[in-house]
Protein chains: 2
Amino acid sequence: MGRRPGDDTITEMRAVRRPKGNRRELENPNPEARQRLLDAAEDLVEEYGEADIRVNDVAKMAGLSVGTFYLYFDGKADLLVQLVQERTDRLKERMAAEQDGTGTAAEQLDRGLRVYLDFVEESPRAFLHFLAAGALETTHGRLANWAVDQHAADLQPLIAQAIDAGEMRGHDPELLAQGLTGLVQHLAGFWLEHREHYDRRDIVEFIREFTTFGISP
Amino acid sequence: MGRRPGDDTITEMRAVRRPKGNRRELENPNPEARQRLLDAAEDLVEEYGEADIRVNDVAKMAGLSVGTFYLYFDGKADLLVQLVQERTDRLKERMAAEQDGTGTAAEQLDRGLRVYLDFVEESPRAFLHFLAAGALETTHGRLANWAVDQHAADLQPLIAQAIDAGEMRGHDPELLAQGLTGLVQHLAGFWLEHREHYDRRDIVEFIREFTTFGISP
């Protein structure tokens, strides 16, 4: 609450409710083991949804013991928070890799939208589950807000620059970044649940036309 | 999944996970008792958030017994689902009361936005909590989707008419209804969490300008 997006650098975000007892501090954490657990969790969420996954199954699928699991995560909520963080970082990296600063602002937005929808399409069920899991309280506020804020903060400099250059209408850059991010997230979710009626091109064309020209005839 | 918004009339929506045992069927349900329980729950959610309310406290605040509570609701999740349904109905009614069909489409959208933000301002914490509680699975899909679908379905005829009349750009009416509803919901949530930086007028002006003209300069 009251935190401005992008204010702070996040080193580690945690679920708020920790189970009793404290996680042992690892002297030599193994990033590969942690990543295997995250990958297993992502696959299980994609297949079964976050409500139905169990720590036991995650450990088993990763080929590790439950004891090892608890060296890296405080429990299921913490695993999910860290998985959303990892997914968001991955998406941000892919977005950044596509942005070489060339082309008009509209072209750059188009590229961003393409990368976003690619990501969504790769794990549609996990995307929907995490959209729904946004209620999870973390040490950095609600998980859903955090993820949107990350993307909005990344978008804001492009927007501010385009407005300065007269390439974009003079909206408030922060509100526009939030508006675009919230809009795209919502419509991506709507699309995934209505793919028998809308294909990706419909969604892209609508987003492009609507965000460019609005509803004015 | 795959349900088109507005397809079905909802008589009763329930949380998916019922507690063991079945609620007794009431021969003569008392709508006033049910409403007192819903009002008490709404006040408690506004004050403490949905995670922290207890069935005991809701019954006590409504001046009714816990036994009576369970005549009307299956448990806390069911209470929350029915409270969101009641809040959504109330907002829909207030929206409809403002829509006498006069004025341009833009004026009608403006009136709708005003009613929506009035509602949000009256119980800001409950709005945020229910935004976050959207993950709740109900017999009609995710709670958040259901509420957005309700408003989008109400908006769609106005949009379709305005497009036909050449008052509005020829977007897909369903996508535009979803886009506008998702955008307003997201920005209302953002605003409530950043009221020290943005006042209501900033949000209204941004929504109006952006939805009317988009980002084109």
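Residues numbered from 1 in each chain as written. Chains lettered and ligands numbered in written order. Predicted model: local features only at pLDDT ≥ 70, side-chain atom pairs only at ≥ 80, totals over all residues. Heavy atoms only, no water.

Novice: Any details on the overall build of chain A? Residues and values, ideally.
Specialist: Scanning chain A from terminus to terminus reveals 9 helices and 2 strands. When the elements of chain A are put in sequence order from the N terminus, they spell out α-α-α-α-α-α-β-β-α-α-α. Counting over 217 residues, chain A shows a buried share of 51%. A separation of at least 24 residues holds for 69% of the contacts in chain A among residues at least 6 apart in sequence. Carbon and sulfur atoms form 48% of the exposed surface of chain A, whose accessible area is close to 10,300 Å². (Helix = DSSP H or I, 4+ residues; strand = E, 2+ residues; numbered from the N terminus. Buried < 20%, exposed > 50% of the residue type's maximum accessible area, 1.4 Å probe, protein only. Contact = heavy atoms within 4.5 Å. Areas by Shrake-Rupley, 256 points an atom, 1.4 Å probe, with all protein chains shown as cover.)

Novice: Give a description of helix α8 (residues 173–193) of chain A that names residues and reports values.
Specialist: Residues that lie three or four places apart on an α-helix share one face, since the helix turns once every 3.6 residues. All names here are of chain A. The end-to-end C-alpha distance of α8 is 30 Å, a good match for the 30 Å that 21 residues give at a rise of 1.5 Å each. Counting buried positions along α8 gives 20 out of 21 residues, so the element sits mostly inside the fold. In this structure D172 caps α8, since a side-chain oxygen of it lies 2.9 Å from the backbone nitrogen of E174. (Expected span 1.5 Å × (residues − 1). Polar contact = N/O pair within 3.5 Å; in protein donor to acceptor, adjacent residues only side chain to side chain.)

Novice: Now, about the packing of aromatic side chains: what can you tell me, with residues and values included?
Specialist: All names here are of chain A. Considering all chains together, one arrives at 9 aromatic pairs over all chains under this definition. For the ring pair F69 and F73, a centre distance of 5.3 Å and an interplane angle of 40 degrees mean the geometry is tilted. When its relative accessible area of 0% is taken as the criterion, F69 is described as buried. Looking at F73, the relative accessible area reads 0%, which means it is buried. Note on F206 and F210: the rings are 5.4 Å apart at their centroids and 5 degrees apart in plane angle, and the pair reads as stacked. Within this pair, F206 and its partner F210 are both found in helix α9 (residues 200–213), separated by 4 residues, close to a single helical turn. For the pair shown, F206 and F210 are each scored as buried. (Phe/Tyr/Trp six-rings, centres within 6.5 Å; stacked < 30°, edge-to-face > 60°.)

Novice: So what's going on with the pattern of salt bridges? Residues and values would help.
Specialist: In the structure shown here, the tally under the stated rule is 22 salt bridges over all chains. The partner of D154 of chain A in a salt bridge is K92 of chain A, and the shortest N-O contact between them spans 3.0 Å. Separated by 62 residues along the polypeptide, D154 of chain A in helix α7 (residues 143–164) and K92 of chain A in helix α4 (residues 76–98) bring together distant segments of the chain. For K92 of chain A, a relative accessible area of 18% translates into the label buried. In this structure, the salt-bridge partner of D110 of chain B is R208 of chain B, at a minimum N-O distance of 3.0 Å. Residue D110 of chain B is found in helix α5 (residues 105–122), and its partner R208 of chain B is found in helix α9 (residues 200–213); the two are separated by 98 residues along the sequence. The network of salt bridges with shared partners includes E42, E86, R87 and R90 of chain A. (Salt bridge = Lys/Arg side-chain N within 4 Å of Asp/Glu carboxyl O.)

Novice: Which residues make up the relation of the copies chain A and chain B, and what are the values?
Specialist: For the pair chain A and chain B, the superposition axis carries a translation of 0.0 Å, the fit reaches an RMSD of 0.0 Å, and the rotation angle comes to 180 degrees. Both copies are brought into coincidence by an operation consistent with a two-fold rotation axis. Identified as the residue of chain A closest to the rotation axis by C-alpha distance is G214 of chain A, at 2.1 Å. Both copies share a contact surface, since 100% of the interface residues of chain A are interface residues in chain B too. (Least-squares fit on C-alpha atoms with pLDDT ≥ 70 in both.)

Novice: Run through the environment of S216 of chain A, naming residues and quoting values.
Specialist: With respect to the helices, strands and loops of the structure, S216 of chain A is situated in the segment after α9. Beyond its immediate stretch of four places on either side in the chain, S216 of chain A contacts R169, T212 and F213 of chain B. Here the side chain of S216 of chain A touches T212 of chain B through a polar contact of 3.0 Å, landing on its backbone oxygen.

Novice: Can you tell me about a negative patch on the surface, naming the residues and giving the values?
Specialist: Negative charge collects at one region of the surface, where D199, D202 and E205 of chain A together with D172 of chain B lie side by side. Here D202 of chain A is to be found in helix α9. (Patch = residues over 30% accessible without salt bridge, like charges linked within 9 Å, V, L, I, M, F, W, Y side chains within 5 Å. Lys, Arg positive; Asp, Glu negative; His and termini not counted. Charge placed at Lys NZ, Arg CZ, Asp CG, Glu CD.)

Novice: So what's going on with the packing of α9 of chain A against helix α8 (residues 173–193) of chain B? Residues and values would help.
Specialist: Their axes nearest at 11 Å, the elements α9 of chain A and α8 of chain B cross at an angle of 60 degrees. When the interaxial angle is binned, α9 of chain A and α8 of chain B end up oblique. Considering the relative orientation of α9 of chain A and α8 of chain B, their crossing is right-handed. For the pair α9 of chain A and α8 of chain B, the contacting residues are D202, I203, F206 and F210 of chain A in the first and L175, L176 and L180 of chain B in the second. Counted by class, the contact of α9 of chain A with α8 of chain B contains 6 nonpolar, no polar and 1 charged residues. (Axes fitted to C-alpha atoms, helices over the stretch in contact; angles between N-to-C directions. Parallel < 35°, antiparallel > 145°, perpendicular 65-115°, else oblique. Left-handed = near helix turned anticlockwise from the far one by under 90°. Nonpolar A, V, L, I, M, F, W, Y, C, P; charged D, E, K, R; others polar.)

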